[in-house]
Amino acid sequence: QVQLVESGGGLVQAGGSLRLSCAASGRTFSSYAMGWFRQAPGKEREFVAAISWSGGTTYYADSVKGRFTISRDNAKNTVYLQMNSLKPEDTAVYYCAAALGLLATTPKPYDYWGQGTQVTVSS
């Protein structure tokens, strides 16, 4: 069982930056690939970024490539999403998720989800 708690969301102007954190409980955090997804009102949940259990492999959605960076600290049971050059279209609830041993860019393989943190980018 893994519990995930996101933090770091908020209101920021376009062009600004935020860093999201996702703290995981459990002793097996390093066994899980981790992902970030987001969901805007009236839209489906979409993939943002993912990182392998070791941190050696990362995937990004084309819409955030070059602006967002995913990283993890297995000693702290935490995964991060550094978001730079934010745009109004990045406004959404951001969720972190954990997938046992599988790095994926779709929601289905992820076994555990956080409650989400709101990111709002004003123009």
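Quick note: structure is the one above.
Residues numbered from 1 in each chain as written. Predicted model: local features only at pLDDT ≥ 70, side-chain atom pairs only at ≥ 80, totals over all residues. Heavy atoms only, no water.

Quick word on the pairing of strand β5 (residues 46-51)
One face of the sheet, then the other: side chains in a regular strand alternate in exactly this way. Which entries qualify depends on this criterion: Each residue gets one of three labels from its accessible area relative to the maximum for its type: buried under 20%, exposed over 50%, partly exposed in between, using a 1.4 Å probe on protein chains only. Secondary structure elements follow DSSP: runs of H or I of four or more residues count as helices, runs of E of two or more count as strands, with numbering from the N terminus. In short, DSSP must find at least two bridges between two strands for them to pair.
Judged by how many residues are buried, β5 sits mostly within the fold: 5 of 6 residues are covered. Pairing between strand β4 (residues 32-39) and β5: 5 bridges, direction antiparallel. Looking across to β5, one finds that G35 is bridged to A50. Between the end of β4 and the start of β5, which pair antiparallel, lie 6 residues, with G42 showing a positive phi angle near 80°.

A closer look at the sheet that holds strand β8 (residues 78-83)
Put simply, the test is: Every angle, taken between N-to-C directions, lies between 0 and 180 degrees, and every axis is a line fitted to C-alpha atoms, over only the stretch in contact when it is a helix.
Strand order across the open sheet formed by 4 strands is β1-β3-β8-β7, with antiparallel pairing between neighbours. If you trace the sheet from one side to the other, it starts and ends with β1 (4-7) and β7 (68-73), each paired once. Pairwise comparison of adjacent strand axes, ignoring direction, gives a mean angle of 15° for this sheet. Bridge count for strand β3 (residues 18-24) against β8 is 6 bridges, and the pairing is antiparallel. Paired with S21 across the strands is Y80, a residue of β8.

A look at the side chain of R67
Rules: Here a polar contact means two N or O atoms within 3.5 Å. Within protein one must be a hydrogen donor candidate and the other an acceptor candidate, and residues neighboring in sequence count only if both atoms are side-chain atoms.
Relative to the helices and strands, R67 is located in the loop between β6 (58-60) and β7. Among the polar contacts listed, one links the side chain of R67 to the backbone oxygen of S85, at a separation of 2.9 Å.

Topic: the environment of P41
Structurally, P41 is set in the loop between β4 and β5. Remark: the alpha-carbon pair of P41 and F68, spanning 27 residues in sequence, is separated by 21 Å.

A closer look at the pairing of β7
Of the two faces of β7, the one holding F68, I70 and R72 is buried and the one holding T69, S71 and D73 is not buried anywhere. Looking at chain direction, β7 and β8 are connected through 6 bridges and run antiparallel. By the bridge assignment for β8, S71 is matched with Y80. Between the end of β7 and the start of β8, which pair antiparallel, lie 4 residues, with N77 showing a positive phi angle near 55°.

So far we have only geometry, and geometry alone does not tell us how the molecule works.
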